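Residues per chain, in single letters:
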Amino acid sequence: MKKKLLIILWPFKFRKFDYERYEFKELEKRYNYQILVHELINVLYPHFKKAYHENFNYKDKKSFNSIEEWKRDLRVILKDTNSQKLIIKHGIDGKNRNEYLINYHLKKIDINVLEIKGKGFPARIISKSLTNIIESIIRKIKNPHEFIFFIRTKFYTFLTNTFCKRKKYILAGGLKEFKKNKKVKLNTVIEANSFDYSKYLSNRLKFKKENKYILFIEAPVPIFKGDELIYKGKSFEGTTKKNWIPSLNNFFDKIEKIYKLKVKIAGHPKVKHKKNPKYYGGREVLNKPLLITSSKAKFVISVWSTGHSFAMIFNKPSLLISSNEMVGNLSFLQNQYQYSDLIGSNILNIDEEFEEKKIKSLIKINKKRVKEYKNNFLTSRKDKKPNYKLINEVAIR
């Protein structure tokens, strides 16, 4: 019997969080797959390594420093005729020269390629209003790195879409992704789940819903560096550590008094905290998976996060927050408003005064919006089959 091999092309640092959301443990345990992770951050985004605070020493992970080194290694793997192989490509859509070269090489080799599309979060709005266009131009002029990143992304994405077309399997999480990917005739599109929803399906019998605390889902910024390291610009939210931390802790103090519950912090997978850091007012940072911590929360708060998927999965109320610093950031506010409307949540400026009656009126569940969001962004399946089973079905074709 041929051994079963999954080759994972990973553009960033490969974390334990990534191992878990792809459900690789299930594939190893249930179907006896060997999983080879090709970590390509040194080839694609070496300057982004600063965003990662921990290293996950996965037993079959290999880091590469050049395209040629990666191609040589892949060539050796493909020569092995005693294994059944599938490449899983995470991202690597052609945003720079090396992403384009990877896709161009994949076009030339004879192996099935699978991608999971749909992270349970709508794409950012790119407003075409005159005000937003002017704002975007000014921002890019002020930051040449961001301007170069924008032009380069457009150029290499065009090259990739033009010259790297090939047959692919797409696991589409949610009806929006399913319909979008169906438009590409070369794709074999399979109804699937977002990463968060699939993890829930794999573990749904293990959780008991509770109301132990209020959960704040953090982003790395502004306390740490985040995705802005990729394009060497400012964070999309536009907040500063100096102003955000006092406003946030003052807000936490108020809602803890109103609800007589502690606020706990869901730590972001990229960063590492002490258990009770000063910048969160000594509040506890939870490092368990969000699947677990959200099931025990009374309600969920964030600026915006894919983690709100779990609030909807467990039928928990949620709230989005902004601050005075964000008020002038029209692009961000439009995207936050779109997301709040889709999930049926409200937005609160934490720098404005509010009373108990107001906050309690904002934190509620919109059942109609939740149902629509689940169908459009979390799952397009009716049989509750998690993604790891779908990956196996593709691999054995």
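Summarised in this report is the structure supplied together with it.

What counts, and where the lines are drawn
Residues numbered from 1 in each chain as written. Predicted model: local features only at pLDDT ≥ 70, side-chain atom pairs only at ≥ 80, totals over all residues. Heavy atoms only, no water. Salt bridge = Lys/Arg side-chain N within 4 Å of Asp/Glu carboxyl O. Buried < 20%, exposed > 50% of the residue type's maximum accessible area, 1.4 Å probe, protein only. Pairing = 2+ DSSP bridges. Helix = DSSP H or I, 4+ residues; strand = E, 2+ residues; numbered from the N terminus. Axes fitted to C-alpha atoms, helices over the stretch in contact; angles between N-to-C directions. Contact = heavy atoms within 4.5 Å.

For the rest of this paragraph, the subject is the pattern of salt bridges. Taken as a whole and assessed by the stated rule, the structure comprises 26 salt bridges. In this structure, Asp-93 and Lys-95 form a salt bridge, with 3.5 Å as the shortest nitrogen-oxygen distance. A relative accessible area of 29% places Asp-93 in the partly exposed class. The shortest N-O distance in the salt bridge between Arg-381 and Asp-383 comes to 2.7 Å. The exposure class of Arg-381 is buried, given its relative accessible area of 18%. Given the relative accessible area of 44%, Asp-383 is considered partly exposed. Taken together, the shared-partner salt bridges in this structure form one network comprising Lys-89, Asp-93, Lys-95, Glu-115, Lys-117 and Lys-168.

Let us look at the sheet that holds strand β2 (residues 33-39). Taken in spatial order, the seven strands line up as β3-β2-β1-β4-β5-β6-β7 in an open sheet, and their pairing is parallel. A strand with exactly one partner marks an edge of an open sheet, and here the two such strands are β3 (61-63) and β7 (187-192). The average undirected angle you get between the axes of adjacent strands in this sheet is 25°. Pairing geometry for strand β1 (residues 3-10) and β2, over seven bridges, is parallel. From the neighbouring strand, Leu-6 faces β2, where its bridge partner is Ile-35. Relative to β2, helix α2 (residues 24-31) is tilted by about 150°, and along the sheet it contacts β1, β2 and β4 (83-89). The strands touched by helix α17 (residues 387-395) are β1, β2, β4, β5 (113-117), β6 (168-173) and β7; relative to β4, the strand with the most contacts, the crossing angle is about 130°.

Worth remembering: the numbers are spatial, not functional.
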